[in-house]
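Chains, contacts and geometry: an overview
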Amino acid sequence: MELQLALDLVNIEEAKQVVSEVQEHIDIVEIGTPVVINEGLRAVKEIKEAFPSLTVLADLKVMDAGGYEVMKASEAGAGIVTILGATDDATIKGAVEEGKKQGTKILVDMINVKDIEQRAKEVDELGVDYICVHTGYDLQAAGENSFEQLRKIKRVVKHAKTAVAGGIKLETLPEVISAQPDLVIVGGGITGQEDKKSVAAQMQKLVKQKALV
Ligand SMILES: O=C(CO)[C@H](O)[C@H](O)COP(=O)(O)O
């Protein structure tokens, strides 16, 4: 099980500062969608250059032109790129094909997919690397989370790794881990804390224990 730090509400310099504080406790650093919107793929490039041993995920949430977007993010240094599960199979196939050429993994974000079990089965057959259940900020504000969705996709996904994102905090991490995802994605649960390093270290410990129920 791996831990991914999501950086959403920072500029490039702030991102570097946060990553330097917690780098030894995370496996993957996500350049979040708002950062890419504000700073472009330069953010992916600069973080990869500054922290070459970390895998950088570009949270592009691709909805079209899968192959092209994966190519550009890979050139910037991304090791993982996100594609939306709600898009059509052609976009996901294009992303997977380009990902294979570039050595870049594809994470399908299932945000706002209605029949999550059915779509997870379909996406799994397209050869993606990760399938991620995700409660976005707007639904988090309405009190929702993705724990039940994670259990649902775990029942049907045969090939891809599973991931979970959306409002995960140190207190809720044990419940998340009990559903055994391969990847846990945490943004505000680390970046919103005073002592980010300590929280990331505690999360890493729980994630690496894995078998915790
Ligand atoms: O992709 C995102 C929002 O669309 C976030 O990166 C993801 O939800 C993780 O952040 P947080 O733990 O703060 O919810």
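Residues numbered from 1 in each chain as written. Predicted model: local features only at pLDDT ≥ 70, side-chain atom pairs only at ≥ 80, totals over all residues. Heavy atoms only, no water.

Before going further, it helps to spend a moment on the pairing of strand β6 (residues 130–134). The buried fraction of β6 amounts to 5 of the 5 residues, a majority that puts the element mostly inside the structure. Burial of β6 is two-sided: the residues Tyr130, Cys132 and His134 facing one way and the residues Ile131 and Val133 facing the other way are all buried. One ladder, built from 3 bridges, connects strand β5 (residues 105–109) with β6; its direction is parallel. Residue Val108 lies in a different strand from β6, and its bridge partner there is Ile131. In terms of handedness, the path from β5 via helix α6 (residues 116–125) over to β6 forms a crossover that is right-handed. Sheet analysis places β6 next to strand β7 (residues 161–165), joined by 5 bridges and oriented parallel. Bridge pairing links His134 to Ala165 in β7. (Buried < 20%, exposed > 50% of the residue type's maximum accessible area, 1.4 Å probe, protein only. Helix = DSSP H or I, 4+ residues; strand = E, 2+ residues; numbered from the N terminus. Pairing = 2+ DSSP bridges. Right-handed = clockwise from strand over helix to strand, strands pointing away.)

Let us now look at the UniProt feature "domain: Orotidine 5'-phosphate decarboxylase" (unreviewed entry) in the chain. Per the UniProt entry, the sites bearing "domain: Orotidine 5'-phosphate decarboxylase" (unreviewed entry) are residues 2–203 in this numbering. A distance of 10 Å separates the end C-alpha atoms of residues 2–203, which is 47% helix and 21% strand. (UniProt positions renumbered as here; feature names shortened; annotations may be inferred.)

Turning next to the packing of helix α1 (residues 12–22) against helix α3 (residues 42–50). Look at α1 against α3: their axes get within 10 Å of each other, and the N-to-C directions meet at 35°. Seen along the crossing, α1 lies across α3 with a hand that is right-handed. Side by side, α1 and α3 meet where Ile12, Glu13, Ala15 and Lys16 of the first sit next to Arg42, Ala43, Glu46, Ile47 and Ala50 of the second. In terms of residue class, the contact of α1 with α3 is made up of 5 nonpolar, no polar and 4 charged. (Axes fitted to C-alpha atoms, helices over the stretch in contact; angles between N-to-C directions. Left-handed = near helix turned anticlockwise from the far one by under 90°. Contact = heavy atoms within 4.5 Å. Nonpolar A, V, L, I, M, F, W, Y, C, P; charged D, E, K, R; others polar.)

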